[in-house]
Amino acid sequence: MAEYILLIDWTEQGVRKIKESPKRLDAARKLAKSCGVKFGDFYMTIGKHDMLAHLTAPDDAAVAKFVLSVARAGNVRTTTLKAFTEAEYRKVIGSL
């Protein structure tokens, strides 16, 4: 399983319907599961991005399916980062 960090920003539409955001988060968690993606920790943030989430998935295609399905609703835009665990990081660095 691979790890991903999802940086999330509300669109203008998403902000107009901000009160619905918690329901949309719940729906996103269900959607992730149906795509084979584990939707882990979630945070609302202050700074360049509005929110972030930790995802675990079997491959990039599962994450792409999930992210595209969320994006087409028009409430958020995302940036997906593939992440390495500390053990993976140490292995990569150790191989140099």
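Residues numbered from 1 in each chain as written. Predicted model: local features only at pLDDT ≥ 70, side-chain atom pairs only at ≥ 80, totals over all residues. Heavy atoms only, no water.

**Overview of the overall build of the chain**
Regarding its fold elements, the chain presents four helices and four strands. Going from the N terminus to the C terminus, the chain shows its helices and strands as β-α-α-β-β-α-β-α. When its C-alpha atoms are laid out on the principal axes, the chain stretches across 50 × 30 × 20 Å. The buried share of the chain, reckoned over its 96 residues, is 32%. Sequence-distant contacts, at least 24 apart, represent 66% of the contacts inside the chain between residues at least 6 apart. (Helix = DSSP H or I, 4+ residues; strand = E, 2+ residues; numbered from the N terminus. Buried < 20%, exposed > 50% of the residue type's maximum accessible area, 1.4 Å probe, protein only. Contact = heavy atoms within 4.5 Å.)

**Side note on helix α3 (residues 60–71)**
Think of an α-helix as turning once every 3.6 residues; residues three or four places apart then point the same way. If you check α3, its first and last C-alpha atoms are 16 Å apart, about what twelve residues at 1.5 Å a residue would give, namely 16 Å. Residues of α3 that are buried sit in contact with β1 (2–10), α2 (21–34), β2 (38–44), β3 (51–57) and β4 (76–83). The N-terminus of α3 is capped by D59, whose side-chain oxygen sits 3.2 Å from the backbone nitrogen of A61. (Expected span 1.5 Å × (residues − 1). Polar contact = N/O pair within 3.5 Å; in protein donor to acceptor, adjacent residues only side chain to side chain.)

**A look at the sheet that holds β1**
Strand order across the open sheet formed by four strands is β2-β3-β1-β4, with antiparallel pairing between neighbours. At either end of the open sheet lies a strand with only one pairing partner, and these are β2 and β4. Averaged over all adjacent pairs, the angle separating strand axes in this sheet is 20 degrees, with direction ignored. Here β1 pairs with β4 via eight bridges, running antiparallel. Among the inter-strand pairings, W10 is bridged to a residue of β4, identified as V76. Running over the sheet, α3 touches β1, β2, β3 and β4 and is turned about 165 degrees from β4. (Pairing = 2+ DSSP bridges. Axes fitted to C-alpha atoms, helices over the stretch in contact; angles between N-to-C directions.)

**Notes on the environment of R16**
Structurally, R16 can be placed in helix α1 (residues 12–16). Along the sequence, R16 and N75 sit 59 residues apart, while their C-alpha atoms lie 9.2 Å from each other.

**Quick look at a nonpolar patch on the surface**
Where nonpolar side chains cluster on the molecular surface, the patch consists of F84, Y89, V92, I93 and L96 and spans about 590 Å² of accessible area. Secondary-structure assignment places Y89 in helix α4 (residues 86–94). (Patch = residues over 30% accessible without salt bridge, like charges linked within 9 Å, V, L, I, M, F, W, Y side chains within 5 Å. Areas by Shrake-Rupley, 256 points an atom, 1.4 Å probe, with all protein chains shown as cover. Salt bridge = Lys/Arg side-chain N within 4 Å of Asp/Glu carboxyl O.)

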